[in-house]
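Residues per chain, in single letters:
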Amino acid sequence: MPGALVQALQAHVGDFTMAAKLQRSDVRSRIALFLLVILSTFSPLAFSQTQPTPSSVEPLSVGFVYVSPIFEAGWTQQHDQGRRALEAALGNKLKTRFVADVSEGSDAERVIRDLAMTGSRLIITTSFGYMEPTLKVAAQFPQVKFIHVSGYKQSPNVATVNARYYEGRYLAGIVAGKSTKTNTLGYVAAFPIPEVLQGINAFTLGARSVNPAVQVRVIWTQTWTDPAKEREAAKTLIGQGADVLTHHTATTAVAQTAEEQGVRFIAYTSDMSKFAPKAQLLAVTHHWGDYYIQAARQILAGTWQSTNTWGGLKTGMVKLSAWNADVNRSLVAQVDLISQQMMAGTLHPFTGPIKDNNGKLQWEKSAMPDPIIEKMNYLVEGIVGRLQQ
């Protein structure tokens, strides 16, 4: 019984006892009065004003799946920055959780399903190899919304998002082409999927646009996260004459190797100057917070729909940052001008004619359209390497 009710009853019990000594009519009047007081005091309205009312809206539960541990820099760290930006923007309207270092395949499917079964209403899977597991679990939980990063398959409750990394890569290639003294650039890459091939090809085209003598050497690690393999690949490329390195892998191993070996380096996904203060020329960085915030707000408002989003320099998903102070200011200005042209649509990294590194013409028209870019499966002229090693 609520404490306030007990106090009220005690306050009236004396009156009730005295009423028993009065005439019968008086007693009835007293009882009627007593009941009126009690009912008015503890009506539903009065009770609701004195008791805390639990919120009828549960916070949106958002689950993230990461392909690597959260390092101090790199792909996963950038997505985790996006998660924290989401928390900061929406506060108690949502809660987030993440599972890191999840291998692609059956392990990913288990983790995604567990997030769905334990209350996540939005699940964000952040690696290309999570595409099929995401679709499989999504079919089993149609009420849950899913976002797959870097994939190309959608369903009514699975959206896809990717960035035009190749735009930043083209600009970085210009810097590398102007900075090399050996005309040999090194590229440590994980897997020959379209996203990675777009980056390697754009980097090469950018470099050769300012230095046609440049060659780009590629070594595949066949894994996103293996510092030892990345370090070994970087050393091999340096041994082959590369004096500017870049990478499409998840750790800072290439940055550290470049710093140790005295060559230059272009960071990818996040600023790695902490690990290569002398080596790093600049960083091509990724930014996911704005997209995650928009998606969460749409779910809360009931307006979310499955879409395919492909952002880039214009939307702020891709940026150039952390320039080394020793990079020539005229080169920085040149890159900024080309960046502006790219955002305005007057310059496109993949403008024909484009040949592969076997001499076959792959694109002869002007600007390559998105559906062709998304299926890129070759290395352009100027690259020393094969799709599989």
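For the structure, check the block above.
Note that the coordinates shown come from a computational prediction; the quantities given were computed from them, not determined experimentally. (Residues numbered from 1 in each chain as written. Predicted model: local features only at pLDDT ≥ 70, side-chain atom pairs only at ≥ 80, totals over all residues. Heavy atoms only, no water.)

### Thoughts on the overall build of the protein
Phase 1 of the analysis: Of the regular secondary structure elements, the protein holds 13 helices and 15 strands.
Phase 2 of the analysis: Buried residues in the protein amount to 48% of all 389 residues.
Phase 3 of the analysis: Approximately 18400 Å² of the protein is accessible, and the part contributed by carbon and sulfur atoms is 54%. (Helix = DSSP H or I, 4+ residues; strand = E, 2+ residues; numbered from the N terminus. Buried < 20%, exposed > 50% of the residue type's maximum accessible area, 1.4 Å probe, protein only. Areas by Shrake-Rupley, 256 points an atom, 1.4 Å probe, with all protein chains shown as cover.)

### Topic: the sheet that holds strand β7 (residues 215-220)
Backbone-to-backbone hydrogen bonds join strands into a sheet, with any given pair of strands oriented parallel or antiparallel.
Phase 1 of the analysis: Spatially, β12-β10-β9-β8-β6-β7-β15 is the arrangement adopted by the seven strands of the open sheet, whose pairing is mixed. In this open sheet, the two strands that pair with only one neighbour each are β12 (318-321) and β15 (383-384).
Phase 2 of the analysis: Bridging between strand β6 (residues 184-189) and strand β8 (residues 244-248) involves five bridges; their strand directions are parallel. In the strand pairing of β8, Val-188 is matched with His-247.
Phase 3 of the analysis: Relative to the sheet, helix α8 (residues 194-210) contacts β6, β7, β8, β9 (264-269) and β15, its axis offset from that of β6 by approximately 170°. (Pairing = 2+ DSSP bridges. Contact = heavy atoms within 4.5 Å. Axes fitted to C-alpha atoms, helices over the stretch in contact; angles between N-to-C directions.)

### Thoughts on unusual backbone geometry
Phase 1 of the analysis: The omega angle of the peptide bond from Gly-352 to Pro-353 is 5°, so this bond is cis rather than trans.
Phase 2 of the analysis: With respect to the helices and strands, the residue Pro-353 is situated in the loop between α12 (329-344) and β13 (354-355).
Phase 3 of the analysis: Residues other than glycine seldom take positive phi values, yet Asp-101 does so here, at roughly 60°.
Phase 4 of the analysis: The topology assignment puts Asp-101 in the loop between β2 (94-99) and α5 (106-117).
Phase 5 of the analysis: At Ala-322, a residue that is not glycine, the phi angle is positive and equals roughly 55°.
Phase 6 of the analysis: Mapped onto the elements, Ala-322 comes out in the loop between β12 and α12.

### Overview of the environment of Arg-264
Phase 1 of the analysis: Turning to its location among the elements, Arg-264 is positioned in strand β9.
Phase 2 of the analysis: On a C-alpha basis, the gap between Arg-264 and Lys-278 in space is 7.8 Å, while along the polypeptide they are 14 residues apart.
Phase 3 of the analysis: Among residues more than four places away in sequence, those in contact with Arg-264 are Asp-243, Val-244, Leu-245, Ala-258, Lys-278, Ala-279, Gln-280, Leu-281, Asn-324 and Asp-326.
Phase 4 of the analysis: A polar contact is formed between the side chain of Arg-264 and the backbone oxygen of Lys-278, at a distance of 3.3 Å. (Polar contact = N/O pair within 3.5 Å; in protein donor to acceptor, adjacent residues only side chain to side chain.)

### Quick look at the sheet that holds β2
Phase 1 of the analysis: Spatial strand order, β2-β1-β3-β4-β5-β11: six strands in an open sheet with parallel pairing. The sheet is open, and its two edges are formed by β2 and β11 (308-311), each paired on a single side. Ignoring which end each strand starts from, the neighbouring axes of this sheet average 15° apart.
Phase 2 of the analysis: Sheet topology note: the strand β5 (residues 158-163)/β11 ladder contains four bridges and is parallel. Paired with Thr-160 across the two strands is Asn-308, which belongs to β11.
Phase 3 of the analysis: Of the strands in this sheet, β3 (122-125), β4 (145-149) and β5 touch helix α6 (residues 131-140), which is tilted by about 170° from β4.

### What about the side chain of Thr-204?
Phase 1 of the analysis: Structurally, Thr-204 is set in helix α8.
Phase 2 of the analysis: By relative accessible area, Thr-204 is classed as buried at 0%.
Phase 3 of the analysis: If near-sequence neighbours (up to four positions away) are discounted, Thr-204 is found in contact with Val-216, Val-380, Glu-381, Gly-382 and Ile-383.

### Description of the packing of aromatic side chains
In this description, a pair of aromatic rings is defined by centroid distance and the angle of the planes.
Phase 1 of the analysis: Per the stated rule, a full pass over the model turns up twelve aromatic pairs.
Phase 2 of the analysis: Considering the side-chain rings of Tyr-166 and Trp-310, the 6.0 Å spacing of their centres and the 70° angle between planes classify their relative orientation as edge-to-face. Highlighted residues: Tyr-166 in helix α7 (residues 165-179) and Trp-310 in strand β11, separated in sequence by 144 residues.
Phase 3 of the analysis: The exposure class of Tyr-166 is buried, given its relative accessible area of 2%.
Phase 4 of the analysis: With a centroid separation of 5.2 Å and an interplanar angle of 70°, the aromatic rings of Phe-191 and Trp-224 are classed as edge-to-face. Pair noted here: Phe-191 is in the loop between β6 and α8 and Trp-224 is in the loop between β7 and α9 (227-239), with a separation of 33 residues, a long-range link. (Phe/Tyr/Trp six-rings, centres within 6.5 Å; stacked < 30°, edge-to-face > 60°.)

Remember that the coordinates give geometry; whether it matters functionally is a separate question.
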